[in-house]
Protein chains: 2
Amino acid sequence: MLGDIINTNAQYLSQKLSYLGLNVYYQSVVGDNMERLVDQINLARSRADIVITTGGLGPTDDDITKAGLCNALKIDLVLQNRLAERIKNYFNKLGTKMPEINLRQAYVPQGGKTLENNNGSAPGIIYEDDKNIFILLPGPPNEMIPMFDSLVFPYLKKKSHSIIKSRTIKVTNISESKLQEMLQSIIDKQKNPTVALYAKSGEIDIRVTAKTENPEEADPLINDMIKNIKAILGDMIFGYDDDTLEYVVNSLLRKNNKTVSIAESCTGGLVSSRLTDIPGASESLMNSLICYSNDAKARLLGVKEETLRKYGAVSKETAEEMALRIKDISKTDIGLSITGIAGPDGGTEEKPVGLCFIGWSYLDKVYTQKCLFNGSRTKNKFRASTKALDLLRLFLIKL
Amino acid sequence: MLGDIINTNAQYLSQKLSYLGLNVYYQSVVGDNMERLVDQINLARSRADIVITTGGLGPTDDDITKAGLCNALKIDLVLQNRLAERIKNYFNKLGTKMPEINLRQAYVPQGGKTLENNNGSAPGIIYEDDKNIFILLPGPPNEMIPMFDSLVFPYLKKKSHSIIKSRTIKVTNISESKLQEMLQSIIDKQKNPTVALYAKSGEIDIRVTAKTENPEEADPLINDMIKNIKAILGDMIFGYDDDTLEYVVNSLLRKNNKTVSIAESCTGGLVSSRLTDIPGASESLMNSLICYSNDAKARLLGVKEETLRKYGAVSKETAEEMALRIKDISKTDIGLSITGIAGPDGGTEEKPVGLCFIGWSYLDKVYTQKCLFNGSRTKNKFRASTKALDLLRLFLIKL
């Protein structure tokens, strides 16, 4: 509630639950306050069959989840001697005596089953009544996750009748609304599998999700849908699932056995830095020159003074020469160049902030594309670097 | 609800709200379902004064937050022509026509105020009725955060009684526990102002927070505490409040009227990219060479073949020559160099993954520092770049 902790438990559990075909309707977070906790538990059991809690199972005063459940359900919290023994042993194994307060962790809602915790002293609890199933898990992910995976997941799988499987198609350099328009016909007809768009910085994920009785039935449904989407988007798709643009470009360079060098102006090294985030990038990226000043463009890279004077540093002509020169001085197969105005200042009428020329050269050929971005300086840098990587990708797949 | 996204927005907002002295009682997450959304909004307004939502302001079918609020409050969703114009202009600036569906984003709950979005097309909304304040924010953090900080934070600050004023002291290249030790005496005695440490990637914020009736009383309390902390940490402090290491280094370069060039190996351009995130960086950073291959180090930069052969690319000697050579070929005052093993492969017994040498040259002098990082490839790159920027900072303040 103070914002010190990111709620990764909610994400982890939601992922596992949807895989089990269990629809997650609500996630709620409430502080260590008995009244609000009891209200929340009563609300939760009124709107869901299964209620899962994390946290508040520790030995201290502010660990009130078990008491909260008992107050909500009007049941007793009773001492389990076998559990008390187990907790004592847990501390013995650590070579210390159990602190008195940890005895609290041996109290269980009357009729509840306990879930052994091999990574901490707080046991989990499953309590079933005629309407709901309550699953109380410890808060620390390193205790919650193994307990869920080893004990709760199989328990819930027995109760679930279907599974949810999904794959992600990744595209970039298109607006979410434009993509929505292109896929409207598919999205309108969607039922099973469903198709949903998730915009992230610089890319959009298209998630295809099928709900079936078993995994075998899910795959063909998903694959057909992916085929339909691919028929519409074609090369716009840069990858699937965990692919990143950086990874895909690196793989294509290695697959085609091509080396690249980069001359960056407005992106200031960002393209090279993103490419080198991938292990083994050094096999393909020989070197880059960040030529910020005109002097560097001319003297170190070898762009003609005349070109810079006549067309300016931010121009098709300069981007072309940059791409050709970096390839030649670096002795690589491909040369990539980016020159533009990142902003916030430096824009003019005919050359506004966000204007960017991207060039790429191969053998004696050179190509350029003009782009216009409008965001903050860092956003323009990022979008220009994404565009440059994607143009390189599109060139490589046609090699 | 499928567990694809970690809810970082809830954490960010909770942190800022508690900072304003506003108690966060509940966080709730609900899917794109009108009935459940309306129920949730009605529940939220029944148990809190201020209701903040994130997400669901986009142009697509599953963006239903505004409609949900209107259904819950039984008010109309009306087209704001001025807003429609603004959105059209947003797309015009991008050089594209506004897709029809984006017109949806120009609809606002009757009587609501809109919050401009400089990082996306979805405007935020503030709607006040006699009982509650509703604040609707976009979902993507890169849109939500700037909108909250620039527009919502000051708006809420006005409504809060006791004011909480705080300043942040920024340090880097030290572990949180080491810093805790150094400040233990201060942290133990703290009352008002309070002192709290927040570790971020690559830096630690020391937040000094005073709670008083009015700003005038807060300032002296905060300034005294800052003086005490400064007496302990000295030059380790690189900045305050919104300062970034990149910004501070850029300012020092300009203040000292010095130019710099960078030779990057393992960081792959990240140091240069971070420096050029700051407007006007081109006044100080002339150019950089990302010399990934030994050939580039030797042929383009001019590191002696013998040095590379005898000491290896990752060595004090190579870092020294890189720093001297980049300064000379770039004709800058200062040369900065980074060479290391980012990993995950390429490590050996005496040169493990994470080993890094940073060099900097000025006039005829050259200095190096050996570092060892132990994280993922990208983490090692980032920490090496932070270390390099901080070493440059420490050099510049002593000039």
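Residue numbers restart at each chain and count upward from 1, following the sequence in its written direction. Chain labels run from A onward and ligand labels from 1 onward, assigned in the order the entries are written. Residues qualify for local features only when their pLDDT is at least 70, as the model is predicted, and side-chain atom pairs are given and counted only at 80 or more; totals for whole chains, interfaces and linings, by contrast, use all residues. Note that the side-chain values use all heavy atoms of the structure and ignore hydrogens as well as water.

**Description of the overall build of chain A**
- The helix and strand inventory of chain A stands at 13 helices and 16 strands.
- We take the radius of gyration over the C-alpha atoms and set the globule estimate at 2.2 Å times the residue count to the 0.38 power. In summary, chain A has a C-alpha radius of gyration of 29 Å against a globular reference of 21 Å for 399 residues, an excess of more than 25%.
- Seen through its C-alpha atoms, chain A measures out along the principal axes to roughly 90 × 50 × 40 Å.
- Counting across all 399 residues of chain A, residues that qualify as buried make up 51%.
- Taking all contacts inside chain A whose residues are at least 6 apart in sequence as the whole, residues at least 24 apart take part in 65%.
- For chain A, the computed accessible surface area is about 18000 Å², with 52% contributed by carbon and sulfur atoms. Note on conventions: DSSP H or I runs of at least 4 residues are helices, E runs of at least 2 residues are strands, and numbering of each starts at the N terminus. In this scheme, a residue with accessible area under 20% of its type's maximum is buried, one over 50% is exposed, and one in between is partly exposed, where area comes from a 1.4 Å probe on protein chains only. Contact between two residues is taken to exist if any of their heavy atoms lie within 4.5 Å; hydrogens are not considered. With residues, only the protein chains shown are counted as cover, and all accessible areas are computed by Shrake-Rupley using a 1.4 Å probe.

**Examining the pairing of strand S10 (residues 203–212) of chain A**
Residues and elements named next belong to chain A.
- Most of S10 sits out of view: nine of its ten residues are buried.
- Strand direction decides the pairing type here: strand S9 (residues 194–200) and S10, joined by seven bridges, are antiparallel. The partner of Ala-196 across the bridge, within S10, is Arg-207.
- Two strands are said to pair when DSSP picks up at least two bridges between them. Here S9 hands over to S10 after two residues, with Gly-202 in that stretch at a positive phi of 85°.

**Remarks on the packing of helix H1 (residues 8–19) of chain B against helix H5 (residues 141–159) of chain B**
Residues and elements named next belong to chain B.
- At a closest axis distance of 11 Å, the pairing of H1 and H5 adopts a crossing angle of 20°. Regarding the angle of H1 to H5, the classification is roughly parallel. Remark: the crossing between H1 and H5 carries right-handed chirality. For the pair H1 and H5, the contacting residues are Thr-8, Asn-9, Tyr-12, Leu-13, Lys-16, Leu-17 and Tyr-19 in the first and Pro-141, Met-144, Ile-145, Phe-148, Asp-149, Phe-153 and Leu-156 in the second.
- Across the contact of H1 with H5, the residue classes tally to ten nonpolar, two polar and two charged. Axes here mean lines fitted to C-alpha atoms, for a helix over just the part in contact, with angles spanning 0 to 180 degrees between N-to-C directions. Angle categories are assigned with fixed cut-offs, so that under 35 degrees is roughly parallel, over 145 is roughly antiparallel, 65 to 115 is roughly perpendicular, and the rest are oblique. Should the near helix be turned counterclockwise from the far one by less than a right angle, the crossing is left-handed, whereas a clockwise turn marks it as right-handed. The residue classification treats Ala, Val, Leu, Ile, Met, Phe, Trp, Tyr, Cys and Pro as nonpolar and Asp, Glu, Lys and Arg as charged. All others, Gly included, are polar.

**Description of the packing of aromatic side chains**
Residues and elements named next belong to chain A.
- Whether two aromatic rings pair depends on their centres lying within 6.5 Å, for rings of Phe, Tyr and Trp, where Trp uses its six-membered ring; planes under 30 degrees apart make the pair stacked, over 60 edge-to-face, and the rest tilted. Counted under the stated rule, the structure contains 13 aromatic pairs over all chains.
- Summarising the aromatic geometry, the rings of Trp-360 and Tyr-367 are spaced 5.8 Å apart at their centres and angled 20° between planes, so their arrangement reads as stacked.
- Overall, Trp-360 belongs to the buried group, its relative accessible area being 10%.
- Of the residues examined, Tyr-367 reaches a relative accessible area of 31% and is grouped as partly exposed.

**Some points on the environment of Val-29 of chain B**
- In this fold, Val-29 of chain B is placed in strand S1 (residues 26–30).
- Residues Val-29 of chain B and Met-1 of chain B, 28 residues apart in the sequence, show an inter-C-alpha distance of 7.9 Å.
- Beyond its immediate stretch of four places on either side in the chain, Val-29 of chain B contacts Tyr-25, Tyr-26 and Gln-27 of chain A together with Met-1 and Asn-7 of chain B.

**Brief notes about the interface of chain B and chain A**
- Each partner contributes to the interface: chain B provides 70 residues, whereas chain A provides 66 residues.
- Summed over both partners, buried area is the accessible surface (1.4 Å probe) that two parts give up on being assembled. Contact between chain B and chain A buries roughly 5800 Å² in total, counting both sides, with carbon and sulfur atoms accounting for 52%.
- Looking at the side of chain B facing chain A, the largest losses of area belong to Met-1, Leu-2 and Tyr-292 of chain B, adding up to 10% of the total buried there.
- We define a salt bridge as a contact between a side-chain nitrogen of Lys or Arg and a carboxyl oxygen of Asp or Glu at a distance within 4 Å. Remark: the boundary between chain B and chain A carries three salt bridges.
- Put simply, Lys-381 of chain A and Asp-277 of chain B hold a salt bridge, and the shortest N to O gap is 2.6 Å.
- For this analysis, a polar contact is any N or O atom pair within 3.5 Å, provided that within protein one partner can donate a hydrogen and the other can accept it, and provided that sequence-adjacent residues contribute only side-chain to side-chain pairs. Taken together, the links from chain B to chain A amount to 32 residue pairs in polar contact (both at pLDDT 80 or more).
- A total of seven residues in the side of chain B that touches chain A trace back to one element, the largest contributor, which is strand S13 (residues 285–291) of chain B.

**Observations regarding the pattern of salt bridges**
Residue and element names in this part refer to chain A.
- Scanning the entire structure with this criterion turns up 36 salt bridges over all chains.
- Residue Glu-203 pairs with Lys-170 through a salt bridge whose shortest N-O separation is 3.5 Å. Taken together, the residues span a long stretch of sequence, with Glu-203 in strand S10 and Lys-170 in strand S8 (residues 163–172) at a distance of 33 residues. Like Glu-203, the residue Lys-170 is buried in the burial classification.
- The closest approach of N and O atoms between Asp-390 and Arg-393, which form a salt bridge, is 2.7 Å. With Asp-390 and Arg-393 both in helix H13 (residues 377–397) and three residues apart, this pair spans about one turn of that helix. Across this residue pair, the class does not change: Asp-390 and Arg-393 are buried.
- Through salt bridges with shared partners, a single network forms among Lys-113, Glu-128 and Lys-159.

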